[in-house]
Each structure stands twice: as structure tokens, then as C-alpha cells.
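Here is how the chains run, residue by residue.
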Amino acid sequence: MGENFKMIFGWHRNRIILTMLLIGLVFSYSKDSFAQTPSEAINSGTQWFLSARYGMGIWAFKAPPDPLQEEFTADDFTPTYIRDTIEATMSLQYVNVSLTEYESTLDWLEFFALPTTAQLGQKIQILSKAGRNITKTVSEILTAQNIDGGFGGRAGYPSDVLDTAFALHGLVVTNSSDTTAINSAVNYLLSAQNADGGWGFAMGRVSHIYYTALVIRALATLPQNASLATALNKATAYLLTKQNPDGGFGHSASSGQGSSTVYETALVYQILVRTIYDPISWAKAEGYLLTTQSADGSWNQDAYSTALSLRALYDAERLRASQIQSVELYKSVNNQLQLSTTYDAYNRMVIKININDPNVRFDIQVRDSAGNIYNVAIINGEIIFDTGSYPPGTYTIIIRAIDITTGMVVDEESITFTIQPTLAIPTLGISIVPIYTYVTAAQDIKLNAYITNQSNIQADISITHEIKAPSNNIINTGSVNLTLSPNESNKLITLSQFNYQFTEAGEHPVTVNIYRGADLLQTASTKIHVSPLVRIEPKKSLTPSTVAPDGDKRIRIEIELEGKEKP
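Since the structure is predicted, the reported quantities are computational estimates derived from the model, not experimental observations.

Q: Honestly, the sheet that holds strand 3 (residues 342-343) in this entry has me stumped. Any pointers?
A: In any sheet, the strands associate via hydrogen bonds between backbone groups, in a parallel or an antiparallel arrangement. Ordered in space as 3-10-9-5-6, the 5 strands form an open sheet in which the pairing is mixed. Looking at the sheet topology across the chains shown, the edges are occupied by strand 3 and strand 6 (373-374). As defined by bridge partners, strand 5 (residues 360-368) adjoins strand 6 across 2 bridges and the pair is classed as antiparallel. Each residue of the ladder has a partner; that of Arg367, found in strand 6, is Ile373.

Next up, the structure:
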């Protein structure tokens, strides 16, 4: 074993000496000081990382090695150096450290045979983000999937929650096309969830903060459906119960509630900012991480805890940079926008969100007082909500700003508006048959009304009609009473059917009115055109009246028909 490590690491003595010098410098800081802002914590933590690695860019030693040491034995190495190197690399990528700073680490990860499925799931994320090929590694991951849908630590091992969560997360975030493998893994994890909302290491094991956070991270990256949403809600509720008064999170094997740890707090913080809006819990966890940072920039000189803390505090910094400045509601009236929080039925609302961060998308819900959710639409780049026939009352718009890259909720705002009780019949159309007839004709007359309803309350209305002769005599009259429900947007009503013999020529006016009680809501009119009886008197002329045998052969004949009313 010692010879093997000597071959890998023994030629980096100069790097060791430089590392020792850098570590000596950072340890000269006051032990009582710590970064006061996420940005300061990230900077000092990153510098510690870059100084603490060794050789080909891996984080391997329990303590800085002796630069004069010729070879190293297994006792010199932390047993978690693979995990630490993976997490450190993910953090350097996450906080946007230059690729040149860790390119040797990528080379090591690409060619080093990682022993577990969980580590392979992280490896494909790192290599994919760096633009390197992951095909072989993905295939290796898939060999560890079992018939129950879960993944084992490697091919042939029984399924467990840990490896399944890491494998699923890696496949999803690298856009794997193997939907069968993904769906099977999801079903395994859902079936392994405990009644308290958490997950243990494997199916049937006691819930643990760490495993629960890993599963939430994997499931939250998937398109959501009812079963996933239910599982995630239960799981985040479980996590929140584990927050300690100091703001941190920690697990105890005996009670489940243990002293706070840096790595669990950092991991849970990243989960919470992606799944729920709870600024109080966020701030408490952030405060715990800031106050536990060591003077040298690390967290307990532990690469793993430092890596997770850097990513969590980077999220905290994104929260500060991506706050919603304001939300304004506009009513669209004749293509003009007016600021308003009061609307009628069938009004169009335009929601304007002011934010200074272009790397944010919005998740917007409109809810009524009963918790029902209504949709918004994006039309020509504008966020639109149509009030439609939704019931009158107070509504709340909940806007979540979500970081496009990380998927975390960076801010949430809510604003209320009111939909007033509205009774509106904007359209009344009438049709009558026949439209044209003549005196003495006996006709079957049918009068219909067509209305559009834009009310959000029950509409009890009456529709009256009146048909008159040119002499003002009433030919037909009547009324129809009906009740319109808000979901009846269009209705055709037959107002009258009768037979009538017309005795007067001229235009017969038809009037239809809609009333609510004594209030006139809408009116419309049309006419029946009645022609008189006529006789036709023809007149004819011939030009020329006489034609010579050798003259012009063109003859013009004109016939004029004149209609005259019969006496």
C-alpha cells in the first residue's frame, strides 16, 4: 500500500512545502474571528481549500504531510479523501472558481476508479459541468440498479437510499434520457419514505436528517406531480422539526434530535432554500454556519464540512442579490393599463414584477381564501391573469423567484386583490324569422335571443319582448324569466313562436330588453320588413319605330316594369 501511494503522490514535495507555508499563514489569524458575511466566508473558505489540497489536486491527508517524507502509508490518508475531493471540486465549480485551479482534480476524477455508486453519481455531475465525457460512467452507474428500482453501492449490492439518491440526482441533472431507470428509482425512494416523512439509509431504517436531505435534493429536481409534492412536503416538514435553537441541524442515533453539525446544517440549508419559503429558518441556519467558521477560513479544518458550507453560503449570497423589488397589478382597460387591486369578473390583470436579476424565473400562483389555485398565463412576455367567472372575494398572488441555475427559491412576495360581485350581460343579440314578408301573408314567426354572460354571481333576469305594427299596434309581447349560473357563458333563448297574418305594409319594430328587477341591463332591436301587394304595369318602346330594307339593321327595344300598390 505504501509503495502505491508513493507512486501517486511522492513527486509533489515542492507543492507540499508551499502548502505548509500557506497553512501556516492562515493559522496566524485570531481564533476568535470569523467572516461576518457570506461573501467574506466564501472568499476565506475558498482560499483555505486551494491551500489544503495536495499533489494532483486532491484533498487526502489528515494533516499536512511532512515535506521530507519519502513515502506515505494508509495511516497518512483520511479514509474519506475520495468523498472530500469530490465535494471540494463540486464547491469550486459551484462558487465559480477558475477551471485552471482544479483541472488536475478533474483529470484525477476522470481516470480514478471510484468505488461506490453514490460517488459515481457525483462524478458525472462534475465531469458534465466541465464539458467532459460521462458516457462510460453513466453506464457504470446503471449496472448498479436493481429490479426494485433502487441502486446498490455497486453492481450486485442490495438497494439502499443513499446510493439511489446520489445516482438519481446525477442522472437527472445531467439530463439522462433513461426515463425507465429514473422512474424506477423515484418509485423506490417513494416506497422507502417513512411515516414521519424522512428516510433512513435503506428501506425500513429509522429516518435520518442526512439521508432525508439527499432524497429531497434528488426528487426536487424532477417535474412535480401530486405524489412527489406530497412526499416532498412531508420530508421538508420532517427536516424543520430537527432545527436546533442555535439554528443548526443535527441527528442523534438515540433520539433523532442531536447537536448541530456543520455538514448537516449546510446540506439541509441548501435543501430548504430550494423547496420552501421560510426566511426565518434560512437565517438561523445561515447564522450558525457563519459563526462556526474557523479563523483559517475552513470549518473545523474539514474539507467535507467546508465544501458543503461554501455551497450553502453561496446560496445565501444569491438570496441577497435576487430580491424582488416590487410587484404591481394593472387592470387592462381599452388596451390601457391602470394600477388597480380591485377587479370585476372577466377583467384582465397584468402582473409586473420588478427584479434586478436576469437569472431568475418566477413560479406564480393565484389562490382564493379557500386555498384553490388558479392559473396565470404568459402572453407576449406579459404575466396575465383573467378574472373570468371566478367567485367574488379576496385573492392572493404568491410569487416565488427561483434561480435558473440552482433551482433554489431566492425570494417570495405576495400581494392581494379583490374580485367584486359582478352582474354583466355584455351582449344581447336577437334574431327573428321571417325578416322580409308581404301584406296578407300568414307567417310562422320565431323570435330568439342570444346572450353572453360575464357574471360571477347567480343572475336572476327577465327578458321582455315587443313586436309592433307601423301603426304602433302591438302584435306580440311577453317575457321570460331565467337564472344564469356563472359558468353559463352563452345562452340561446326562444322568446316567442306564433303565427300572424300581416295587414300593414312597412317596418315592424322588434324590441328586446333584459332586466334585473327594475334595472335595465341590456336592450336590442330589429325589424320585420313587410312589402305591400303590388301590380306590375309594363311599358315598352322600339327604336327606330320603322326600318328601311337597306337601312341600319340595329333595333333597340326597351321594357320598363313599374310596380304600383293595389288599391
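Let's pick the thread back up.
Q: Sorry, what's going on with helix 10 (residues 209-219) here?
A: Of all 11 residues that make up helix 10, 11 are buried, and the element is covered over most of its length. Along helix 10, the residues classified as buried are Ile209, Tyr210, Tyr211, Thr212, Ala213, Leu214, Val215, Ile216, Arg217, Ala218 and Leu219. Looking at the buried side of helix 10, the elements it contacts are helix 8 (161-173), helix 9 (179-192), helix 11 (226-240), helix 12 (262-275) and helix 14 (303-321).

Q: Which parts of the structure should I look at to understand the sheet that holds strand 13 (residues 442-452)?
A: Here 3 strands make up an open sheet; going across it, the order is 11-13-16 and the pairing antiparallel. A single partner strand is all that each edge strand has here, and the edge strands are strand 11 (427-433) and strand 16 (490-501). The sheet shows a mean angle of 15° between the axes of neighbouring strands, taken without regard to direction. Sheet analysis places strand 13 next to strand 16, joined by 11 bridges and oriented antiparallel. In the strand pairing of strand 16, Asn448 is matched with Thr494.

Q: Sorry if this is basic, but what is going on with the pairing of strand 1 (residues 324-333) here?
A: Successive side chains on a regular strand alternate, one facing one side of the sheet and the next facing the other. In this structure, strand 1 lies alongside strand 4 (residues 348-355), joined through 7 bridges in antiparallel fashion. Each residue of the ladder has a partner; that of Glu328, found in strand 4, is Lys352. The sheet contact formed by strand 1 and strand 2 (residues 336-339) spans 4 bridges and is antiparallel. When the bridges of strand 2 are listed, Ser332 appears paired with Leu337.

Q: Any chance you could explain the side chain of Gln93 here in plain terms?
A: Take Gln93: it is sitting in helix 4 (residues 81-94). A distance of 3.1 Å separates the side chain of Gln93 from the backbone oxygen of Ile126, its partner in a polar contact. Contacts of Gln93, omitting those with residues within four sequence positions, involve Tyr102, Leu106, Ile126, Lys129 and Ala130.

Q: So what exactly am I meant to see when it comes to a nonpolar patch on the surface here?
A: A surface patch of nonpolar side chains, amounting to about 340 Å² of accessible area, comprises Ile555, Ile557 and Ile559. Relative to the assigned elements, Ile555 resides in the loop between strand 19 (534-543) and strand 20 (556-565). By relative accessible area, which is 48% here, Ile555 ends up partly exposed.

Q: So what exactly am I meant to see when it comes to the pattern of salt bridges here?
A: Opposite charge on two side chains makes pairing possible when the charged atoms of those side chains draw close. Taken as a whole, this structure holds 15 salt bridges when the rule is applied. Of the charged contacts, one joins Arg132 and Asp107 as a salt bridge, the two residues approaching to 2.8 Å between their closest N and O atoms. With Arg132 in the loop between helix 6 (117-129) and helix 7 (135-142) and Asp107 in helix 5 (residues 103-111), this pair connects stretches of sequence that are 25 residues apart. Overlapping salt bridges bring together Glu103, Asp107, Glu110 and Arg132 as one network.

Q: Mind showing me how you'd approach unusual backbone geometry here?
A: Where the residue is not glycine, phi is negative for most of them; where a peptide bond is considered, it is trans in most cases. Following Val433, the chain continues into Pro434 via a peptide bond in cis, with omega recorded as 5°. Summarising the element assignment, Pro434 is placed in the loop between strand 11 and strand 12 (436-438). Its identity is not glycine, yet Asn334 carries a phi of approximately 50°, on the positive side. Tracing the backbone shows Asn334 in the loop between strand 1 and strand 2. The phi dihedral of Asn335 falls on the positive side, at around 65°, and the residue is not glycine. Inspection of the secondary structure assignment puts Asn335 in the loop between strand 1 and strand 2.

Parameters at a glance
Residues numbered from 1 in each chain as written. Predicted model: local features only at pLDDT ≥ 70, side-chain atom pairs only at ≥ 80, totals over all residues. Heavy atoms only, no water. Pairing = 2+ DSSP bridges. Helix = DSSP H or I, 4+ residues; strand = E, 2+ residues; numbered from the N terminus. Buried < 20%, exposed > 50% of the residue type's maximum accessible area, 1.4 Å probe, protein only. Contact = heavy atoms within 4.5 Å. Axes fitted to C-alpha atoms, helices over the stretch in contact; angles between N-to-C directions. Polar contact = N/O pair within 3.5 Å; in protein donor to acceptor, adjacent residues only side chain to side chain. Patch = residues over 30% accessible without salt bridge, like charges linked within 9 Å, V, L, I, M, F, W, Y side chains within 5 Å. Areas by Shrake-Rupley, 256 points an atom, 1.4 Å probe, with all protein chains shown as cover. Salt bridge = Lys/Arg side-chain N within 4 Å of Asp/Glu carboxyl O.

Function-wise, these values are silent; they only describe arrangement.
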